[in-house]
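# Structural overview for review
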Amino acid sequence: MNNIDCAKQKIRAVIAGSRVPEDPRHADNTVEWLLRLDPDADQALQLAALAHDIDRADDVRKIKRADFDDYDAFKSAHARNGAEILRPILIACGVAGNIVDEACRLVLVHEVGGDPSSDLLKDADSISYFDVNLSLYYQREGWAETKRRSLWGYRRLSARARKIVENINYGEEAMSRMLHEIIYDKSAE
Ligand SMILES: [Fe+2]
């Protein structure tokens, strides 16, 4: 097995242990969206897409929402912890140093973006939330929290990614209504 496949296998094994039921599907789905947005996305980006939420799978080191008043502060601690968990996994598989550094940098900034690669990752992550997480998030968190989370996710999408999200067809009427409310929420403009 090559170094990159070793790393992907280890990352998937860690995420398979997450208590958040949507995590394994979201990890692979974020890679799928990344490759749809940019079929030439490099290995560092693909590793970062797969591992960006790895923090949530580590029950001991996991960053807890309840410890933060501010959602953005929570998300930034989540991203930093994810990069710290990812680095030794990549090193153990013998991934080249420049790919290790770039993959960890991308995980660190995946919630905020700021350069073409991390903006792509942020879009792929946010589209995937709407594609595969929304319904399970709603079942667990209820309408008000899901609406808040979705509005936050929608606002961070690029114009191109918004068009993709706006065309998602949900089987559930409640999720279609949620998306409609998010798109037409005046405060999102
Ligand atoms: Fe994510």
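These remarks concern the structure in this document. Since we're looking at a predicted model, the values are computed, not measured.

Packing of helix H1 (residues 3-16) against helix H2 (residues 23-37) brings their axes to within 8 Å, and their N-to-C directions diverge by 150°. The handedness of the crossing between H1 and H2 comes out as right-handed. Along its contact with H1, which presents Arg-12, Ile-15 and Ala-16, the element H2 presents Asp-23, Pro-24, Ala-27 and Asp-28. Looking at the contact of H1 with H2, its residues break down into four nonpolar, no polar and three charged.

What follows concerns helix H8 (residues 173-184). Compared with an ideal rise of 1.5 Å per residue, which puts twelve residues at 16 Å, H8 spans 17 Å between its outermost C-alpha atoms and is within 8% of the ideal. Buried within H8 are the following residues: Ala-174, Met-175, Met-178, Leu-179, Ile-182 and Ile-183. Where H8 is buried, its residues touch helix H6 (116-155) and helix H7 (159-166).

Attention now goes to the coordination of the iron ion. Within the protein, His-26 (NE2), His-52 (NE2), Asp-53 (OD) and Asp-125 (OD) serve as the donor atoms for the iron ion, at 2.2 to 2.3 Å. Between the four donor atoms coordinating the iron ion, the angles at the centre fall across 81 to 171°, so the site counts as irregular. For the iron ion, the donor residues sit on a single chain with the sequence spacing H-x25-H-D-x71-D. Here His-26 is found in helix H2, whereas its partner Asp-125 is found in helix H6, with 99 residues between them in sequence. Per residue, the accessibility class of His-26 equals that of Asp-125, and both read buried.

Reading the values: the criteria
Residues numbered from 1 in each chain as written. Predicted model: local features only at pLDDT ≥ 70, side-chain atom pairs only at ≥ 80, totals over all residues. Heavy atoms only, no water. Axes fitted to C-alpha atoms, helices over the stretch in contact; angles between N-to-C directions. Helix = DSSP H or I, 4+ residues; strand = E, 2+ residues; numbered from the N terminus. Left-handed = near helix turned anticlockwise from the far one by under 90°. Contact = heavy atoms within 4.5 Å. Nonpolar A, V, L, I, M, F, W, Y, C, P; charged D, E, K, R; others polar. Expected span 1.5 Å × (residues − 1). Buried < 20%, exposed > 50% of the residue type's maximum accessible area, 1.4 Å probe, protein only. Donors = N, O, S within 2.8 Å, 3.2 Å for Na, K, Ca; no water. Tetrahedral: all angles 85-135°; square planar, octahedral: opposite > 155°, others 65-115°.

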